[in-house]
Every structure is written in structure tokens, then in C-alpha cells.
Amino acid sequence: MIEILSTGAVNSVQDLGRTGYLDAGVGRSGMMDAPALEIANLLVGNDKGAAGIEVALFPFRLRFEADTVFAVAGADCPAKLDDRQVPGWWAMTAKAGEVLTLGLPRSGARAVIAFQGGIDVPLVLGSRSTDLKSVFGGFEGRGLNRGDRLSLAETSRRVLRMEGGYGADVSALRGPAAAKDEAIVLRVLPSAEYAVFTGEARSKFHETDWLITNDANRMGYRLSGPDLALTRKLELFSHGIMPGTVQVPPNGQPIIQLAEANTCGGYPKIANVIEADLWRLAQAPVGARLRFEATTRDTAIEVLQQQRTFMAELAAAAALMRGWN
Amino acid sequence: MTDVVSPRLSSEGAGAILLDAAGPVFSDDIQSRIWAVAARMLKVDGVAETVPGMNNLMIVFDPLAIPPGEVEQQLLHIWQTVVPDAVAGRDVDIPVVYGGPDGEDLAALADHAGLTVEEVVRRHSQAVYSVAAVGAMPGFVYLSGLDPALAMPRRAVPRMKVEIGSVIIGGAQAGIMPCTAPSGWHIIGKTKVPLFDSLRDPPSACKPGDRIRFRVIEVQA
């Protein structure tokens, strides 16, 4: 059991998301930085899809009620277990009564906490993710409040006995964090209406450092920059959209759909952020700048393959580490 | 249908393909084909989900399990060869209290249509609607089959809160609110039929291809 001591209501229980219900209007949800959850889960000996906590509002504090193996991943934030420093991407054991504190990130926007066993909330439509917009799943269908007590699933894994724990080197997967004044580069593929935008709009789309406005949450980010114009007016029928779809409503300012995107939309689509780069968006805070770099399908698939290979190797290595202690 | 429309394909990332067969107006024939293709595509290895829209269809797949080019090939082949199933859907009856405090736009819609309130209710409740797609929000049905005389452009400013069960009209489409949410559609009545329950599987009361009839319980002033 863990008890939440301080939080904001946007912090929530998430797993890798809900699949199979898009045609009932039920969106994906799930951890915005999904690879971070996978890695943290593998480190603590879970299946990669066990439910953890997404922290987007800081400081966040929780108390462990029993000895628990946990890992913090995602945003680079100062973390402490009572007085001990907690490195990121690192599995360690908390003792009963100890308090974990996550401070405001030095870089990135969302931290992920995984616990051995995973958070034990009911599966709703095949997932433990909270759908904040539709108010179901996760912990009582809502974000976390102070005083909430979450159960962890029983696990046959042993408590980590290696003093200090162990971690993962994720630099090959995630590269260096963008400097504060640098735009975060996202690779995109053109989508259905790309060619209907004016040549000028297409150039601006790729050349602009787009600002993430305050209107940014798990549903999507509204961006600010030059207006993107179409060569003709379009009235589209409602159609399926995905996390990563970049729409341009009539005001010309793009919106990127994210984890809790509606399943269907009607605005013209200029591009899609590739799947393998969605975690970069999860780690892009309000006020950050984004740059859209054109890529190819082959590259998108190659990068996704690299991510999967990394996860498979990490899973094997983590299994070995557990065997040793 | 002898001539099959050639659809446009585009991608939404590496793992989703959008097939768009829409012309200037919504076509029931095309929509039947969309549903049939969706069902067939779900059986293709590596395809995870299909999302029927209005005369369009999104296929979601694992691009490491099946290359996008192969999904496109199969999609086009199935599109050309599939025989739409005419009687796929179920009949769903939606009892409605029209007008009154829970149907506050009924009179305005009648004014806009140049019809009496009674005539609007008669036309709305005599049509047989088809669930073209379910989406946007959980359990929301996009209905085709609205009497064109009842079409009315959406409100310039959406209401921040439209109650669950509201029977609504937006442009040439009819719908029902599956949950309380913002909407720019006009509210003409209310039903108590639940359309979405996350604790049931399937969670949505209606599926694409279902036929919906609105039944008049009462017309309030």
C-alpha cells in the first residue's frame, strides 16, 4: 500500500493504455511517456505494462506502508527517499514508512513511478489507465488526491537486496535533453490534408519553432506560431485520429492530439508525429518550443524497432540482475 | 453498387492508415462498404483496431508486425472485392421526451425549419437512422438518416454542458449525448436509454450498422 501525501489532480494511475475500443469512442489513455513506464517496470521486475503513477504536477509525495521496490523514470526531477537521493531510471527498495518526494523537473515534464507488483486498480475495458476526460479507469476514474491509498498487486518477486539498487542507461534510447532555449525536434509524416496547405504554410510548419501554449494537457497541446492556411476551404466528415495527429483548425494554429485524444475529429490534418517520438512530447512542458522535422515511414519504423530492441535487451538484463540477488 | 469508389489513402503515423471514400455528400452505400471492410481488416494479422468514420475508415496496426505497404495493399483489395452485408445491424429503440426544459432548442429548430413543433417531432421520430460510426467521445453515435428539413447549422458558440441523454441535431446529423459534455448541437429532447457503460463489454450500446428509431413518449411545450 502507498499513501499519497501531496499531489495535483492531473497526476494519475496509468498503464500502457486501452486498446480495442476506439470503435466505441474510447480513447487510448495510458502513460504519456510510455517507454519510461516500460523501462521502470522492467527495472522493478514487472511486466512492462504494469500500472504506475504519472506525475505532471510537482512536488509530489507519497509514503510507503511496506517495504517496496520502486523506480522513478521520465522527467529529470530531484527525487528523495526521506533524506536519500533517488537517481532516475533506478530500482531501489523503500522501507515501510519512508516518504518519496519528487521535486520540479530540471528538464522534462512528466515523471513516472513504477512499483513492484504494479498498482492494483481494477481493469476497466482491459486497462488500468485513468481516462480523466471520461471519468473511468485508474483510481476511481479520477486524478490522485492527497490521502488516497493505493494497493500494490501481490508479487512473488523478492525484495531487492542489492544495496543501492541498480539502474538503466537510457542515453542510447533518449539522447541528451534539449537545452532550455532549444526547440525539441519531433519527426513527422505528412497526413491526409498536407498537400492542401499552401506551400508557404508547409514551409512554415517545418521551419517554425512552435510554442506550447497553456492549453496543453493529456488530450492534446495547442501550439502558437504563424497561421497555417489552406489553398481551399475544406469540410471534412468526422474521421479517426491518433495520438500524434497534428490538426489545424480554422484559426490556423496547430493542435497535437495526445494520449487522451478523442477517437474521431474533423479538422484538416497536416502531419503526424511518429510513434517513437511521442514520449518527447510527453516531456515537453508548457512554454517549450517544438520543431517538426519531415521523415519517412521507413525511418519511423526503424526507430520504433530500435525502441523495441532496447526494451527486449533491458528485460533480459533486468531478469539477470534479479537472479543475482 | 457496380462501380466501387476509389478511396484515398493517407497515413496517421507509421501505424495507422486512413481510407477516405467520402464524396461531397454522405453515402449509405459507401458506409456499408466501410463497415464490411472494417470487419474484414480486423482479421488481418498485425491489425489491432479499425475505426469507421463517416465514409472513411482508419486502420490501426503494429508496423513492426505488418508493413504499412502491405496493409494498404490488403485494404485496397478488400475494398474492391468485399460484399457489404445488408443486414448486419440490430434495431434499437430510443424513447424520447421532446421539448420542455430538456429539449430547449425544439421551438427554435421548428422556426428554423419553418415547421410546427409537432411536425418536427413527427419527422424526427418517423425516420430510421443508421449508426454510421461511434466515436469522438465514448459511446457517441453519428447517425445518418435525418430528414434534411430538420438540418440546422451548429450553434456559433457551443454550450459548455449538454446533459447525458440529450437528443441532438448538428448540421445534417442526429445524435444522442452518451455523457454530459460540451456540444454545439441543438437539444430537442431527452432519453433515459444509457448509451455507454465502461463496466460492460462492449461498453457502447450501439454499433456501426445498427438502426435507431426515436419513439415519442411525450411532447412538452
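In the block above lies the structure referred to throughout.
A.B. asks: Teacher, can you tell me more about the overall build of chain B here?
C.D. replies: Broken down by element type, chain B carries four helices and 13 strands. The C-alpha atoms of chain B give a radius of gyration of 19 Å, which matches the 17 Å a tight globule of 221 residues would have. Dimensions along the principal axes, computed over C-alpha positions, put chain B at roughly 60 × 40 × 35 Å. Taking all 221 residues of chain B together, 54% fall into the buried category. Contacts spanning at least 24 positions in sequence make up 61% of the contacts within chain B whose residues lie at least 6 apart. When the accessible surface of chain B is split by element, carbon and sulfur atoms take 55% of a total near 9600 Å².

A.B. asks: Please explain helix 1 (residues 28-41) of chain B as it appears in this structure.
C.D. replies: Residues and elements named next belong to chain B. For helix 1, spanning 14 residues, the distance from its first C-alpha to its last is 20 Å, which sits close to the expected 20 Å at 1.5 Å a residue. For helix 1, every residue scored as buried is listed here: Ile 30, Gln 31, Arg 33, Ile 34, Trp 35, Ala 36, Val 37, Ala 38 and Met 41. In this fold, the buried residues of helix 1 make contact with strand 2 (16-20), strand 3 (47-52), strand 4 (56-61), helix 2 (68-81) and strand 6 (129-134). N-capping of helix 1 is provided by Ser 27, with a side-chain oxygen placed 3.3 Å from the backbone N of Asp 29.

A.B. asks: What should I look at first to understand the packing of helix 3 (residues 106-113) of chain B against helix 4 (residues 117-126) of chain B in this one?
C.D. replies: Packed helices, taken two at a time, are described by their axes: the angle between them and the distance between them. All names here are of chain B. Contact pair helix 3 / helix 4: the axes reach a minimum separation of 9 Å and the direction vectors enclose 90°. Between helix 3 and helix 4, the crossing angle belongs to the class labelled roughly perpendicular. Contact with helix 3, carried on its side by Leu 106, Ala 107, Leu 109 and Ala 110, involves Val 117, Val 120 and Val 121 of helix 4 and no other residues of that element. Considering only residue class, the contact of helix 3 with helix 4 consists of seven nonpolar, no polar and no charged.

A.B. asks: Quick question: what am I supposed to make of the packing of aromatic side chains here?
C.D. replies: Counting across every chain of the model gives eight aromatic pairs over all chains. For the pair A:Phe205 and A:Phe292, a centre-to-centre distance of 4.6 Å together with 10° between the ring planes defines the contact as stacked. Taken together, the residues span a long stretch of sequence, with A:Phe205 in helix 3 (residues 199-207) and A:Phe292 in strand 21 (residues 289-294) at a distance of 87 residues. The exposure classification of A:Phe205 matches that of A:Phe292, with both residues buried. Arranged with centres 5.5 Å apart and planes meeting at 80°, the rings of B:Phe140 and B:Trp185 form a pair that is edge-to-face. Residue B:Phe140 is located in the loop between strand 6 and strand 7 (141-144), and its partner B:Trp185 is located in the loop between strand 11 (181-183) and strand 12 (186-190); the two are separated by 45 residues in the primary sequence. Of the residues examined, B:Trp185 reaches a relative accessible area of 7% and is grouped as buried. Among the aromatic side chains, those forming a connected cluster through ring pairs are A:Phe64, A:Phe70 and A:Phe115. Directly above the ring of A:Trp279 sits A:Arg174, whose terminal nitrogen or CZ lies 3.9 Å from the centroid. Over the aromatic face of A:Tyr194 sits the side chain of A:Arg202, whose NZ or CZ is 5.7 Å from the ring centroid.

A.B. asks: So what exactly am I meant to see when it comes to unusual backbone geometry here?
C.D. replies: Note: most residues except glycine have negative phi, and most peptide bonds are trans. Between A:Phe58 and the following residue, A:Pro59, the backbone shows a cis peptide bond with an omega angle of -5°. Along the polypeptide, A:Pro59 turns up in the loop between strand 3 (52-55) and strand 4 (60-64). Cis geometry marks the peptide bond from B:Asp201 to B:Pro202; its omega dihedral reads 5°. One non-glycine residue with positive phi stands out, namely B:Asn55, at about 60°. Inspection of the secondary structure puts B:Asn55 in the loop between strand 3 and strand 4.

Criteria and thresholds
- Residues numbered from 1 in each chain as written.
- Chains lettered and ligands numbered in written order.
- Predicted model: local features only at pLDDT ≥ 70, side-chain atom pairs only at ≥ 80, totals over all residues.
- Heavy atoms only, no water.
- Helix = DSSP H or I, 4+ residues; strand = E, 2+ residues; numbered from the N terminus.
- Rg over C-alpha atoms; globule rule 2.2 N^0.38 Å.
- Buried < 20%, exposed > 50% of the residue type's maximum accessible area, 1.4 Å probe, protein only.
- Contact = heavy atoms within 4.5 Å.
- Areas by Shrake-Rupley, 256 points an atom, 1.4 Å probe, with all protein chains shown as cover.
- Expected span 1.5 Å × (residues − 1).
- Polar contact = N/O pair within 3.5 Å; in protein donor to acceptor, adjacent residues only side chain to side chain.
- Axes fitted to C-alpha atoms, helices over the stretch in contact; angles between N-to-C directions.
- Parallel < 35°, antiparallel > 145°, perpendicular 65-115°, else oblique.
- Nonpolar A, V, L, I, M, F, W, Y, C, P; charged D, E, K, R; others polar.
- Phe/Tyr/Trp six-rings, centres within 6.5 Å; stacked < 30°, edge-to-face > 60°.
- Lys NZ or Arg CZ within 6 Å of the ring centre and 35° of its normal.

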